Amino acid sequence: MPARLPRGGSGATKTPRPEAARFQAERRALKKIQVHFEFQQSLMHDIRVAAAQENLSPSDFVRSLVGLSHAEIQRPRISLSFSNTDLETLAARYDQQPEARQLKRHVIEEVRRHFEKAKHAEADERR
């Protein structure tokens, strides 16, 4: 009886599929232990402020503070989760359809305007 070949073919050694390499970093991350810390509210505020001043996430700031390595922020972003009710509320606020991508632009613009106003008000107070 002839030896059975592996499924799909010739018996040649398989090369890893390109997507397999993509998941190696995720596999390493799964081996890490995640520990949650609960700090007093005032201390959490101080951590967030210090982290922002150093352009770090709060967790990376604490890692740095205790002598651990941390990755540089590649793409700083803030994630918001929207329920259907949230999308409808935003759609009404901006007089748009409740479509997340379209509403995202309006949220970005409103946040930008908020901080622009705050900077102008702060500058006026100093005068």
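Look a little higher up for the structure.
Residues numbered from 1 in each chain as written. Predicted model: local features only at pLDDT ≥ 70, side-chain atom pairs only at ≥ 80, totals over all residues. Heavy atoms only, no water.

Another aspect to go through is the overall build of the protein chain. For the protein chain, the helix and strand inventory stands at 6 helices and 0 strands. The linear arrangement of helices and strands in the protein chain, starting from the amino end, is α-α-α-α-α-α. The contacts in the protein chain between residues at least 6 apart in sequence include a share of 0% that link residues at least 24 apart. Accessible surface, the protein chain: about 12,400 Å² in total, of which carbon and sulfur atoms supply 53%. (Helix = DSSP H or I, 4+ residues; strand = E, 2+ residues; numbered from the N terminus. Contact = heavy atoms within 4.5 Å. Areas by Shrake-Rupley, 256 points an atom, 1.4 Å probe, with all protein chains shown as cover.)

The phi dihedral of Asn55 is positive, around 55°, even though this residue is not glycine. Here Asn55 is to be found in the loop between α3 (41-53) and α4 (58-65). Unlike most non-glycine residues, Asp95 shows phi in positive territory, near 55°. Looking at the secondary structure, you find Asp95 in the loop between α5 (84-94) and α6 (100-126). Note on Asp95: relative accessible area 69%, which makes it exposed. (Buried < 20%, exposed > 50% of the residue type's maximum accessible area, 1.4 Å probe, protein only.)

So, on to the side chain of Asp60. Counting through the fold element by element, Asp60 comes out in helix α4. The buried charged residue Asp60 lacks any salt bridge, with Arg63 as its nearest oppositely charged partner at 4.7 Å. (Lys, Arg positive; Asp, Glu negative; His and termini not counted. Salt bridge = Lys/Arg side-chain N within 4 Å of Asp/Glu carboxyl O.)

Attention now goes to the nonpolar core. Listed in full, the 6 residues of the largest apolar core are Leu87, Leu90, Ala91, Tyr94, Leu103 and Val107. Looking at this core, the elements that each hand over two or more residues are α5 and α6. Looking at which element gives the most residues to this core, the answer is α5, with 4 residues. Once residues within four sequence positions are removed from consideration, Tyr94 is found in contact with Leu103, His106, Val107 and Glu110. (Core = buried A, V, L, I, M, F, W, Y, C linked by side-chain atoms within 4.5 Å.)

Attention now moves to the pattern of salt bridges. According to the stated counting rule, one finds 6 salt bridges in the structure shown. Measuring nitrogen to oxygen at the nearest pair gives 2.3 Å for the salt bridge that ties Glu109 to Arg112. On the criterion of helical spacing, the pair formed by Glu109 and Arg112 is a turn pair, its members being 3 residues apart in helix α6. Glu109 sits in the partly exposed class, given a relative accessible area of 29%. Here Arg112 falls in the partly exposed class, since its relative accessible area comes to 40%. Two residues, Arg113 and Glu109, come together in a salt bridge whose shortest N-O distance is 3.7 Å. Of the two residues, Arg113 and Glu109 are both situated in helix α6; the distance of 4 residues between them amounts to about one turn of the helix. Sharing partners across several salt bridges, the network here consists of Glu109, Arg112, Arg113 and Glu116.

Honestly, it's all geometry; don't read function into it.
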